[in-house]
Amino acid sequence: MTRLRLGMAGGGEGAFIGAVHRMAAALDGDWALVAGAFSTDGGRNMRTGELLGLDAQRVYPSLDELIAHERTLPEDQRIEALAIVTPNHLHAPMAIAALDAGFHVFCEKPMAMSVVEAEAIAAAAKASGRQFALAFTYSGYPMIEEARARVDRGDFGAIRLVQVEYLQGWLSQPIDTDGNKQAEWRTDPARAGLGGCLGDIGTHAFQLAEHVSGLSVESVSADLTTHVEGRRLDDDVSALLRFEGGARGVLKASQVAAGEENGLRLRIHGERGGLDWSQMEPNTLTLRWLDRPAEIVRTGGPGMLDATAPLVRTPAGHPEGYIEAFANLYRAFASAIRGGGDRWFPGVTDGLRTMRFIEAVIANAASDQKWTSVNPGENE
């Protein structure tokens, strides 16, 4: 099949996540990066385009100019989708502009700066009829699909407990005031939004908990903390979760857990058993049972469900990781654009849910109220 044409906003020379998106998009041969507005720094922008082998005429100084010029090109040459890999404050204006121009959008998370902005993106996506994807990367791992499918078919019975934690230690020191650009914007309310750690990794934990359990969080009781003196946003989050149907949960996210690398872990328990998955050992899913020994399911190994197989690229024992999980989302996104739609990917629903979670946690932590609804209009 002809590769889909991708443009990129952000992700210039030296940026972390832009390079990750490019690797993931390229992995399965579905996408060709043909244009970009990589940086507001003209030199950096052009160097990035040159390093990526792009036509200099399609390396634009701004997204507005990218959209304006790409729309003048023949339909079989212009970009078909835009990847947005900028700080959070640019997600909504860029996504809406691209959708309104008729382009599909693959956006970094969180979806926006607020629920209001997220709802505006959702409305633009609906009006345009274009696809909108969000980079909740961890939901692309094969063993996450294995876990979700096993919960969905009722292996563990009614779900009672959901525990998710995401621990990092990279912000344990005030590197956001020492010139670290990744730390600097993530702790700046004007660019990151209402939540620091909450928006950056707490949203990953929340999305994964809902996605795998198949349950929606109804309300939260939360505590937000800023441990590093002078930091303007939270760097540590704790939340109790009440799910629909009576399940209870705990979410812990921290970026000041000194010594931790990327410790995302999910445990779910039902009336007959449960599961345990860790992002740092992503090819292993542990199943525990009330009445028999524990089982270990491995990516590509025996015992996997048919639903998981399409996400696996290599034989058992050949580790698949972060880039491959990300690529699974890009592959599903491409399939939807081509009219297939046979694979799930995170999108508008996940974006709205996580933005509502952010606002509910912030409201609860700032009040004396014991529980705050994640769903607007509901009474506790």
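Residues numbered from 1 in each chain as written. Predicted model: local features only at pLDDT ≥ 70, side-chain atom pairs only at ≥ 80, totals over all residues. Heavy atoms only, no water.

Colleague: Lay out the environment of Val361 with the relevant residues and their values.
Modeller: Position of Val361 among the secondary structure elements: in helix 11 (residues 348-365). Its relative accessible area of 0% is what places Val361 among the buried residues. Sequence spacing of Val361 and Trp371 is ten residues, and the spatial spacing of their C-alpha atoms is 9.5 Å. Among residues more than four places away in sequence, those in contact with Val361 are Leu198, Val220, Ala222, Leu224 and Val237. (Helix = DSSP H or I, 4+ residues; strand = E, 2+ residues; numbered from the N terminus. Buried < 20%, exposed > 50% of the residue type's maximum accessible area, 1.4 Å probe, protein only. Contact = heavy atoms within 4.5 Å.)

Colleague: I'd love a proper account of the packing of helix 4 (residues 91-100) against helix 5 (residues 115-128), names of residues and values included.
Modeller: With their axes 9 Å apart at the nearest point, helix 4 and helix 5 run at an angle of 10° to one another. Classed by the angle they form, the pair helix 4 and helix 5 counts as roughly parallel. Listed contacts from helix 5 to His91, Ala92, Ala95, Ile96, Leu99 and Asp100 of helix 4 are Glu117, Ala120, Ile121, Ala124, Ala125 and Ser128. (Axes fitted to C-alpha atoms, helices over the stretch in contact; angles between N-to-C directions. Parallel < 35°, antiparallel > 145°, perpendicular 65-115°, else oblique.)

Colleague: Kindly report on empty space enclosed by the protein, identifying the contributing residues and their values.
Modeller: One pass over the full model with this rule turns up two cavities of 30 Å³ or more. There is about 40 Å³ of room inside the largest cavity. Every residue along the wall of the largest cavity is listed here: Asn88, Pro110, Ala112, Met113, Ala192, Gly193, Leu194, Gly195, Gly199, Met355 and Ile358. Quantified by volume, the second largest cavity comes out at close to 40 Å³. For the lining of the second largest cavity, a count of residues per class yields two nonpolar, four polar and one charged. (1 Å grid on protein atoms, 1.4 Å probe; cavity = no way out; pocket = protein on both sides within 12 Å on 5 of 7 lines; lining within 4 Å. Points joined across faces, edges and corners; volume = space filled by probe spheres on them. Nonpolar A, V, L, I, M, F, W, Y, C, P; charged D, E, K, R; others polar.)

Colleague: Let's hear about the layout of surface pockets: which residues, and what values?
Modeller: For the largest pocket, the calculated volume is near 1200 Å³. Looking at the lining of the largest pocket, the elements that each hand over two or more residues are strand 1 (4-10), helix 1 (16-27), helix 4, helix 7 (181-186), helix 8 (189-192) and helix 9 (197-213). It is helix 7 that contributes the most residues to the lining of the largest pocket, five residues altogether. Each residue belonging to the lining of the largest pocket can be placed in one class, and the counts come to 21 nonpolar, 20 polar and nine charged.

Colleague: So what's going on with the pattern of salt bridges? Residues and values would help.
Modeller: For the coordinates displayed, the defined rule picks out 24 salt bridges. Note that Asp236 is salt-bridged to Lys252, the shortest N-O span being 2.8 Å. Note that Asp236 is positioned in strand 8 (residues 236-243) and Lys252 in strand 9 (residues 248-254), a separation of 16 residues in sequence. A residue is classified by how much of its surface remains accessible, and Lys252, at 25% relative accessible area, is partly exposed. (Salt bridge = Lys/Arg side-chain N within 4 Å of Asp/Glu carboxyl O.)

Colleague: Go over the state of the cysteines with me, naming the residues and quoting the values.
Modeller: Any covalent bond linking the sulfur atoms of two cysteines counts as a disulfide. Within this structure, the stated rule accounts for zero disulfides. In this structure Cys107 is not part of a disulfide, and its nearest cysteine sulfur, from Cys197, lies 20 Å away. Owing to a relative accessible area of 0%, Cys107 belongs among the buried residues under this scheme. (Disulfide = S-S within 2.5 Å.)

Colleague: Tell me about the packing of helix 5 against helix 11, and please be specific about residues and values.
Modeller: At a closest axis distance of 9 Å, the pairing of helix 5 and helix 11 adopts a crossing angle of 170°. Put simply, helix 5 runs roughly antiparallel to helix 11. Contacts between helix 5 and helix 11 involve Val115, Ala118, Glu119, Ala122 and Ala125 on the former and, on the latter, Val348, Leu352, Met355, Arg356 and Glu359. Class assignment of the residues belonging to the contact of helix 5 with helix 11 gives a composition of seven nonpolar, no polar and three charged.

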